[in-house]
Number of protein chains: 2
Amino acid sequence: MDKNRVPGIVVARLPVYVKALNLLLREGRSVVSSEELGERLNMTSSQIRRDFSYFGGFGKKGSGYDIVSLMEALREVLNLNHIWQVLVVGVGHVGKGLLNYDGFSRQGFEIVAAYDADDEVIGTQVGGIDVGDIDELEAFVCTSGVHIAAITVPAENAQEVSDRLVKCGIRAILNYAPILLEVPEGIQVSNIDPVLKLQNMTYYLE
Amino acid sequence: MDKNRVPGIVVARLPVYVKALNLLLREGRSVVSSEELGERLNMTSSQIRRDFSYFGGFGKKGSGYDIVSLMEALREVLNLNHIWQVLVVGVGHVGKGLLNYDGFSRQGFEIVAAYDADDEVIGTQVGGIDVGDIDELEAFVCTSGVHIAAITVPAENAQEVSDRLVKCGIRAILNYAPILLEVPEGIQVSNIDPVLKLQNMTYYLE
């Protein structure tokens, strides 16, 4: 299947569906209608069914979807049927937050290494991971087979770190630095920038 | 003007334009075409012009936009012509990261207070802010006139904190807890969840 046949905005909603289904499951539910899912996510049921139709519809039966089956199908589409290893570069507050977050493994991700440039941080253990010296980044990354990295370094170092990671085979970057990274075609970048979210909300505040 | 006349997805792109224009300005540029802006943001120039047309087009002259004027116009639309005060609830790693981030004020936001439930954190100073006792949340928030809060507490406490904030007049919530908050109609919630971004990228990785 051609991955790019599906609009990016539809793909971006799939993890949101997984998250909502997870919550329903924890509430003890086993079946959900597209109407109810829509209400929870502030979407119309027809939009949800249209999103699902890109992947064959996920077999809605009678009055609803079987939550476990739908979640498994969505996770399969998102390639979440195995654990992805993740590298963290930059162990300041944000990096520490990621390293200490215990929810990744449940959701398909495991942080396997962390690097920093600060001598006070190098050699310490954060969230069970020994923080390595950024000078030794390539020695690990280029041979590790890790494809995903989180960049949590200051803005002025982020592009250089990104270039080094991409050269070593990193194909997906979660970028916390407040800049727009330049990467070669085919490399995924997701930006996490609280300011953009705040600025989006203030539009509605006056 | 009816704010909801403009699709949410268009509004969400406005801060991204502001960010890109900011970077161009720092590179010493003064004029930019919609084509170049599009290349930088991986969008078509016609999409950008269509977005801008919701707000009257922002006066493109000849071969491009005057960057300073365009940025000012976008900031005006986003209500960023004054500084918004922000409250942080939860001073763990993520909250500390927000409190120590020095880029907010340049971009229209100022953190004015922080609260936590942990006696070891209450009374300390983080990023120049004295951390208050969460038991005293209402005493401040209900009288402060602050309308924006970041929730950086554990998932199991986030809904309760959200309810308390909304009762005290908070109208926009930046939610870092990995749950979907339930809020009354008209309250803005933006979720920051690295897992959703990671899961979005893995779709393209196999």
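Our subject is the structure listed above.
Calculation notes
- Throughout, residues of each chain are indexed from 1 in the direction in which the sequence is written.
- Chains and ligands are labelled sequentially in the order written, the chains with letters from A and the ligands with numbers from 1.
- Only residues with pLDDT of at least 70 are given local features in this predicted model, and only at 80 or more are side-chain atom pairs given and counted; all residues enter the totals for whole chains, interfaces and linings.
- With hydrogens and water stripped out, all remaining heavy atoms of the structure feed into the side-chain values.
- Counting from the N terminus, the helices are DSSP H or I runs at least four residues long and the strands are E runs at least two residues long.
- Whether a residue is buried, partly exposed or exposed follows from its accessible area with a 1.4 Å probe, protein chains only, as a fraction of its type maximum: under 20%, in between, or over 50%, in that order.
- Counting rule for disulfides: a pair of cysteine sulfur atoms within 2.5 Å.
- Side-chain rings of Phe, Tyr and Trp (the six-membered ring for Trp) are treated as a pair once their centres are within 6.5 Å; stacked means planes under 30 degrees apart, edge-to-face means over 60, and tilted covers the remaining angles.
- We call a set of buried Ala, Val, Leu, Ile, Met, Phe, Trp, Tyr and Cys residues a nonpolar core when their side-chain atoms join them within 4.5 Å.
- Residue contacts are counted whenever heavy atoms from the two residues lie within 4.5 Å of one another.
- Think of the arc as the fan of directions from the helix axis to the C-beta atoms.
- By definition, the buried area sums, over both parts, the 1.4 Å-probe accessible area that each loses when the two are put together.
- Every case where a carboxyl oxygen of Asp or Glu lies within 4 Å of a side-chain nitrogen of Lys or Arg is listed as a salt bridge.
- Within 3.5 Å is the distance limit for a polar contact, defined as a pair of N or O atoms, with the added protein rule that one can donate a hydrogen and the other accept it, and that residues adjacent in sequence qualify only through two side-chain atoms.
- Each residue is assigned to one of three groups, with Ala, Val, Leu, Ile, Met, Phe, Trp, Tyr, Cys and Pro labelled nonpolar, Asp, Glu, Lys and Arg labelled charged, and all others, Gly among them, labelled polar.
- If DSSP finds at least two bridges between two strands, the strands pair.
- When the strands point away from the viewer and the path from the first strand over the helix to the second turns clockwise, the crossover is right-handed.

## Thoughts on the environment of Glu27(A)
As for its placement among the helices and strands, Glu27(A) is situated in the loop between helix 1 (8–26) and strand 1 (31–32). Judged by relative accessible area, which is 49%, Glu27(A) ranks as partly exposed.

## Brief notes about the state of the cysteines
All names here are of chain A. Enumeration according to the criterion identifies two disulfides over all chains in this entry. Between the sulfur of Cys142 and that of Cys168 lies a disulfide, 1.7 Å long from S to S. Across the S-S bond linking Cys142 and Cys168, the dihedral sits near -55 degrees, which makes this disulfide left-handed. A residue pair is termed long-range when its members are at least 10 positions apart, and Cys142 in helix 6 (residues 137–144) and Cys168 in the loop between helix 7 (155–167) and strand 8 (172–175) qualify at 26 residues. On the accessibility criterion, Cys142 (43% relative accessible area) is partly exposed.

## Quick look at the packing of aromatic side chains
Applying the stated rule across the entire model yields 14 aromatic pairs over all chains. Ring centres of Phe52(A) and Phe58(A) lie 5.2 Å apart, and the angle between their planes is 75 degrees; this geometry places the pair in the edge-to-face category. Ring geometry for Tyr115(B) against Phe140(B): centres 6.2 Å apart, planes inclined by 35 degrees, an arrangement best described as tilted. Taken as a pair, Tyr115(B) in strand 4 (residues 109–116) and Phe140(B) in helix 6 (residues 137–144) lie far apart in primary sequence, 25 residues in all. Residue classification places Tyr115(B) among the buried residues on the basis of a relative accessible area of 8%. Among the residues examined, Phe140(B) registers a relative accessible area of 27% and is labelled partly exposed. Linked through ring pairs, Tyr17(A), Phe52(A), Phe55(A), Phe58(A) and Tyr65(A) together constitute an aromatic cluster.

## Brief notes about the nonpolar core
With 101 residues, the main nonpolar core has Leu37(A) and Leu37(B) as its most contacted residues. The residues touching Leu37(B), leaving out its near neighbours within four places in the chain, are Tyr17(B), Ala20(B), Leu21(B), Leu24(B), Val32(B), Ile48(B) and Phe52(B).

## Description of helix 3 (residues 45–53) of chain B
Think of an α-helix as 3.6 residues a turn; residues three or four steps apart then line up on the same face. All names here are of chain B. Turning to helix 3, its buried residues number three or more, namely Ser45, Ile48, Asp51 and Phe52. Summarising the axial view, the buried residues of helix 3 lie within an arc of 120 degrees, below the 170-degree limit, and thus occupy one face. Residues of helix 3 that are buried make contact with helix 1 (8–26), helix 2 (34–41), strand 2 (65–66) and helix 4 (67–77).

## Structural notes on the interface of chain A and chain B
If you look at the interface, chain A gives 59 residues, while chain B gives 59 residues. Summed over both partners, the interface of chain A with chain B comes to about 5900 Å²; 68% of that surface belongs to carbon and sulfur atoms. Contact with chain B buries area across many residues of chain A, yet Lys19(A), Tyr203(A) and Leu205(A) alone supply 14% of it, more than any other trio. For Asp193(B), the salt bridge goes to Lys19(A), with nearest N and O atoms at 2.7 Å. For the pair chain A and chain B, the interface holds 16 residue pairs in polar contact (both at pLDDT 80 or more). When residues of the side of chain A that touches chain B are traced back to their parent elements, those giving at least two are helix 1, helix 4 (67–77), helix 5 (93–100), strand 8, strand 9 (188–191) and helix 8 (194–202) of chain A. Tallied by class, the residues present in the side of chain A that touches chain B amount to 37 nonpolar, 14 polar and eight charged.

## Considering the pairing of strand 4 of chain B
Consecutive side chains of a regular strand alternate in pointing toward one face of the sheet and then the other. Residues and elements named next belong to chain B. Counted residue by residue, strand 4 has six buried out of eight residues, so it is predominantly covered. Sheet topology note: the strand 3 (residues 84–89)/strand 4 ladder contains six bridges and is parallel. Each residue of the ladder has a partner; that of Leu87, found in strand 4, is Ala113. Each parallel crossover has a hand, and the one from strand 3 via helix 5 (residues 93–100) to strand 4 is right-handed. As judged from the three bridges shared by strand 4 and strand 6 (residues 129–133), these two strands associate in the parallel manner. Bridging across to strand 6, Ala114 finds its partner in Val131.

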